[in-house]
Amino acid sequence: MDKRRVVVTGLGAVTPLGNNVGKLWEGISQGKSGIGPITLFDTTGFKVKIAGEVKDFVASDYMDKKDARKMARFTQFAVAAAGEALKDAGLSKDNIESNRTGIYLGVGIGGLDVTEASIIKMKESGPDRVMPLTIPLLIPNEAAGNISMVYGIKGPSHTIATACASSTDAIGNALDAVRSGRVDVCVAGGCEATICKFGIASFQILQTLATSFNDEPEKASRPFDTRREGFIMGEGSGILILEELEHAKARGAKIYGELAGYGASSDAYHITSPDPSGEGGAQAMINAINDAGIQPSEVDYYNAHGTSTPINDPAETKMIKIAFGEHAYKMKISSTKSMTGHCLGAAGAIESIISIKAMENNFFPPTINLENPDVEHGCDLDYVPNKGVSGTINCVASGSLGFGGHNGVLIFKRYK
């Protein structure tokens, strides 16, 4: 039986480069960094003093002020991005088929800032003074739940937690839901907000964050470069509206492109490190290519996970070479985390939006701060160093690799 075709009809974003898709793409296309000094807490005593914070975000600009008070920061981001995406798709409470619309969100951690604040409150004032809404605020599924309530969506609502692959896997599961006919429309993507003392301290102790660029934050995220030393924490949300093709055509929806394939795999190797052989991630890429029914040579651009850690970048390069063969040296690759930082559970969705905009504009985003590619460790592909370039893009792939060995890859094609 032929698969139902699934297209993207709406986009929404809250990111360190701006709080809508237009500002996000403007920053990406200009090679701008969204990384700066941490302002969300006092970094005294911390080795890490920089992050990719969402800036100038006022929740009441996007939702009812009373509702916003009952949401954690990560949920507010998701509700705001979903509102932009639904509006972009021409959907609202008035015309959405609520029972035929689903929600699939990726959230790696959830309300870590709420957890931190509540534990401090309990320690200082006792158990009876913990915030009454602590649990509803911190649990990861509340982002999807609030999108459902705010926008009147009554179909299936699921939250996927596969660490940094969460939103890529959420979009992949949403693709399957629309293809299968369980729903006709899906709000799909992810969100995260972990820039708090406990969050930064916990990643800092793992020695995964960069610590040498506090005085030059815009240079700190440098994927594939010899001077890379760790990722930069980011935050935000990315939301895509996925829709069955005939359903979209029937209502005259704008179509950004087709979500053609999804692949996933597990490394079965290590709790925090990718398999250095590259075989696990490569299998997710191969699965996505096969699911899309294309040849590896048809992919013009790959948006890399590209975390700027010593271990990730060479391993991911191996994955690309295994999956794409000789074409790996011909296609363009970049890590836009060099500009946004690593938004954890939201990363895959934000990078999917960037990939779709790259295809729409026939523009390959850059990997900024790539001064000396780490050729010694195999990083010898075309990572579009420092400045984006124009070129024909008809097919893009976006990959995500999560703690625990979770790998997810999405393939988008120009709609024909």
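Before reading on, note that the structure itself is shown above.
Everything in this summary refers to the structure shown in the same document.

How each quantity is defined
Residues numbered from 1 in each chain as written. Predicted model: local features only at pLDDT ≥ 70, side-chain atom pairs only at ≥ 80, totals over all residues. Heavy atoms only, no water. Pairing = 2+ DSSP bridges. Helix = DSSP H or I, 4+ residues; strand = E, 2+ residues; numbered from the N terminus. Axes fitted to C-alpha atoms, helices over the stretch in contact; angles between N-to-C directions. Contact = heavy atoms within 4.5 Å. Parallel < 35°, antiparallel > 145°, perpendicular 65-115°, else oblique. Left-handed = near helix turned anticlockwise from the far one by under 90°. Nonpolar A, V, L, I, M, F, W, Y, C, P; charged D, E, K, R; others polar. Buried < 20%, exposed > 50% of the residue type's maximum accessible area, 1.4 Å probe, protein only. Phe/Tyr/Trp six-rings, centres within 6.5 Å; stacked < 30°, edge-to-face > 60°. Core = buried A, V, L, I, M, F, W, Y, C linked by side-chain atoms within 4.5 Å. Polar contact = N/O pair within 3.5 Å; in protein donor to acceptor, adjacent residues only side chain to side chain.

**Notes on the sheet that holds strand β9 (residues 301-303)**
Argument step 1. One open sheet holds the 10 strands; their spatial order is β5-β4-β6-β7-β1-β8-β14-β13-β9-β10, and the pairing between them is mixed. Unpaired on one side and paired on the other, β5 (157-160) and β10 (332-334) mark the two borders of the sheet. Looking at each pair of strands side by side, their axes are set apart by 25° on average, direction ignored.
Argument step 2. In this fold helix α11 (residues 312-324) packs onto β9, β10 and β13 (395-402), with an angle of close to 135° to the strand it touches most, β13.

**Regarding the packing of helix α3 (residues 73-88) against helix α6 (residues 142-151)**
Argument step 1. Remark: α3 packs on α6, axes separated minimally by 9 Å, with the N-to-C direction vectors making an angle of 45°. One way to sum up the angle between α3 and α6 is to call them oblique. The handedness of the crossing between α3 and α6 is right-handed. Within the contact between the two elements, α3 uses Phe74, Thr75, Ala78, Val79, Ala82, Gly83 and Leu86 and α6 uses Glu142, Ala143, Asn146, Ile147, Val150 and Tyr151.
Argument step 2. Class assignment for the residues of the contact of α3 with α6 results in nine nonpolar, three polar and one charged.

**Here we look at the pairing of strand β8 (residues 257-266)**
The side chains of a regular strand alternate, first on one face of the sheet and then on the other.
Argument step 1. Taking burial as the measure, the 10 residues of β8 include eight buried ones, the bulk of the element.
Argument step 2. Relative to β8, strand β1 (residues 6-14) runs antiparallel, the two sharing two bridges. Paired with Val7 across the strands is Glu258, a residue of β8.
Argument step 3. As paired strands, β8 and strand β14 (residues 406-413) are joined by eight bridges and run antiparallel to one another. Looking across to β14, one finds that Ser265 is bridged to Asn407.

**What about the packing of aromatic side chains?**
Argument step 1. Going through the model one piece at a time under the given rule, you end up with eight aromatic pairs.
Argument step 2. Arranged with centres 5.1 Å apart and planes meeting at 10°, the rings of Phe57 and Tyr62 form a pair that is stacked.
Argument step 3. The class for Phe57 is buried, based on a relative accessible area of 14%.
Argument step 4. Relative accessible area serves as the criterion here: at 31%, Tyr62 is assigned to the partly exposed category.
Argument step 5. With centroids separated by 4.0 Å and ring planes inclined at 10°, the aromatic side chains of Phe224 and Tyr383 adopt a geometry described as stacked. Of the two residues, Phe224 sits in the loop between α8 (197-205) and β7 (236-244) while Tyr383 sits in the loop between β11 (363-364) and β12 (389-390), which places them 159 residues apart along the sequence. Across the pair, exposure class does not vary: Phe224 and Tyr383 are buried alike.
Argument step 6. An aromatic cluster of at least three residues, connected via ring pairs, comprises Phe57, Tyr62 and Phe77.

**Some details on the nonpolar core**
Argument step 1. Leu240, Leu242 and Phe412 are the most contacted members of the largest nonpolar core, which has 45 residues in total.
Argument step 2. Looking at this core, the element that brings in the most residues is helix α13 (residues 347-361), giving eight residues.
Argument step 3. Those residues within four positions of Phe412 in sequence are excluded, and the remaining contacts are Val8, Leu240, Glu258, Leu259, Ala260, Ser352, Ile356, Met359, Asn394, Cys395 and Val396.
Argument step 4. Ranked by size, the runner-up nonpolar core spans 37 residues in total, among them Leu91, Leu105, Ile147 and Cys191.

**With respect to the side chain of Ser33**
Argument step 1. Within the fold, Ser33 resides in the loop between α1 (21-29) and β2 (36-37).
Argument step 2. Classification of Ser33 as buried rests on a relative accessible area of 19%.
Argument step 3. Here Ile35 takes part through its backbone nitrogen, which lies 3.2 Å from a polar atom of the side chain of Ser33.
Argument step 4. In this structure, Ser33 is in contact with Leu17, Glu218, Met339 and Ile368, ignoring residues within four places of it in sequence.

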